[in-house]
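What follows is each chain in one-letter form.
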Amino acid sequence: MELLRKWLGHPEDIYNLLRFKMGGYRAVMPRIDPVSGTGYGDDGARRGGGDALRCLRRSGGARCPGGAGVLPRHAVCIFYLVLRALDTIEDDMTISLDVKVPMLHEFHSYLYEPEWKYTESKERDRQVLEDFPTISMEFRNLSKVYQDVISDICHKMGVGMAEFLEKKVDSQHEWDKYCHYVAGLVGIGLSRLFSASELEDPIVGQDTELANSMGLFLQKTNIIRDYLEDQQEGREFWPREVWSRYAKKLSDLAKPENIDMAVQCLNELITNALHHVPDVLTYLSRLKNQSVFNFCAIPQVMAIATLAACYNNKQVFRGVVKIRKGQAVTLMMDATNIQAVKAIMYQYVEEIYQKIPSTDPSSNKTQQVITSIRAMSLPGGPMASRHHYSPIYLSCAMLLAALSWQYLSTIYKATEEYVQAGEN
């Protein structure tokens, strides 16, 4: 019944879940075989490496070309798998530093070594390392322009990962630097692939500052949301420069007696992340290809919705804060053009604005950054596109919820595989 109450409160979720399940996802989620369903690159693609590798073997490079008007999907697939393999080495705590550091520094060179593989990893996605010859062979079959992008990004990311192996994130500058290595470089690499494929203008790949902001916005959102999970697994990514003003140890923020200070710290970090939104809107406004636009826009609107859910929310320190699956699907169905994305951004920063506590230390800064986002999001009255559901649709949706909630629960679970990547 909890699910029924949730949907009755948001009837548009039901309509979009049905529309999405009945084929709507094909219009908004580009099929980037064999990467489809494994992620949008918000953190360098953190899951699904084995599935993507199996699909790569089945498809083969010759049978999944980009083609006119679609993403360079095989190049994106190889890019994903290479970074997944690199990330698996970084995550594997069983590899000693004297072995791991040289591996991270030299990993890009392994792309040109047909026999190189690593069989001693204990990580979940170790298959991408064990079967790396398959990945490197497909990499070498790519055109040189794609090879150069992937190898360069892999090299820079490996060096950055090695730098932060024994170093905690202290200053806000280092926070930006860490996020650049693990996510900003992904945005830069993808942008260069989009331009190399000639689907987008050269400026998209050349403007590394905007591409970097795309990655930083997503990575900071993940780090903010995942505070408790990271604490439980012994990881710390919140910058000391910020949290040390609110607690002696980062873990202290999870203590009930510190909840007020914890929320103030949370709000300051969310305000920091919001500063990337103007760059995100500028980047998206340059995109011309529909598949590229959807691929880039969907994770960004998921991120702003997640930040709105986390802002001033004590639950971040008690459990998991996630947007509703129906909400995620609604965002995916709507975020298909720049005016719609601006409307979505406007909606969620307004939601944050309404929750700003007058006593919050960051309140003035939060108001200022929201004002700048408003200025970019207001032209042309796009807000109507966010509320286009007719009374008939809403009434039918509510009736469906009341009469068929068990059936809709099945749809909810089936849809989860499609929205998991966008949400994470």
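Note that the structure is a prediction, hence the values are computed from the model and not measured. (Residues numbered from 1 in each chain as written. Predicted model: local features only at pLDDT ≥ 70, side-chain atom pairs only at ≥ 80, totals over all residues. Heavy atoms only, no water.)

Peer 1: Account for the overall build of the protein, with residues named and values stated.
Peer 2: Across its full length, the protein carries 21 helices and zero strands. Summarising the internal contacts of the protein: among those between residues at least 6 apart in sequence, 77% fall at separations of at least 24. Total accessible area on the protein is roughly 18,000 Å²; 52% of this is exposed by carbon and sulfur atoms. (Helix = DSSP H or I, 4+ residues; strand = E, 2+ residues; numbered from the N terminus. Contact = heavy atoms within 4.5 Å. Areas by Shrake-Rupley, 256 points an atom, 1.4 Å probe, with all protein chains shown as cover.)

Peer 1: Hey, could you go over the packing of aromatic side chains for me, with residue numbers and the actual values?
Peer 2: As enumerated under the stated definition, the model contains 13 aromatic pairs in all. The interplanar angle of 65° and the centroid separation of 5.2 Å between the aromatic rings of Phe107 and Phe132 together place this pair among those described as edge-to-face. Taken together, the residues span a long stretch of sequence, with Phe107 in helix α5 (residues 97-110) and Phe132 in helix α7 (residues 132-141) at a distance of 25 residues. Exposure class is identical for Phe107 and Phe132. Each is buried. Where Phe164 meets Tyr181, the ring centres are 6.1 Å apart and the plane angle is 65°; that geometry is what we call edge-to-face. With Phe164 in the loop between α8 (144-163) and α9 (172-196) and Tyr181 in helix α9, this pair connects stretches of sequence that are 17 residues apart. (Phe/Tyr/Trp six-rings, centres within 6.5 Å; stacked < 30°, edge-to-face > 60°. Buried < 20%, exposed > 50% of the residue type's maximum accessible area, 1.4 Å probe, protein only.)

Peer 1: Account for the environment of His105, with residues named and values stated.
Peer 2: Note that His105 resides in helix α5. By relative accessible area, His105 is classed as partly exposed at 29%. Considering only alpha carbons, one finds His105 and Met157, 52 residues apart in sequence, at a separation of 8.8 Å. The residues touching His105, leaving out its near neighbours within four places in the chain, are His155, Val159 and Ala162.

Peer 1: How would you summarise the confidence of the model for the protein if you had to cite specific residues and measurements?
Peer 2: Taken as a whole, the protein shows an average pLDDT of 82; of its residues, 72% reach a score of 70 or greater. Note on residues 58-70: pLDDT is under 50 here. Beyond four places in sequence and across chains, it has 18 contacts. Overall, residues 381-412 carries pLDDT values under 50, and its contacts beyond four positions in sequence, including any with other chains, amount to 55 contacts. (pLDDT = per-residue confidence, 0-100.)

Peer 1: An account of the packing of helix α11 (residues 208-225) against helix α16 (residues 290-310) is needed here, citing residue identities and associated values.
Peer 2: Where α11 meets α16, the closest approach of the two axes is 10 Å, and the angle between their N-to-C directions is 35°. Between α11 and α16 the crossing geometry is left-handed. Here Met214, Phe217, Leu218, Thr221, Ile224 and Arg225 of α11 come into contact with α16, specifically with Cys296, Pro299, Gln300, Ala303, Ile304, Thr306, Leu307 and Cys310. Across the contact of α11 with α16, the residue classes tally to ten nonpolar, three polar and one charged. (Axes fitted to C-alpha atoms, helices over the stretch in contact; angles between N-to-C directions. Left-handed = near helix turned anticlockwise from the far one by under 90°. Nonpolar A, V, L, I, M, F, W, Y, C, P; charged D, E, K, R; others polar.)

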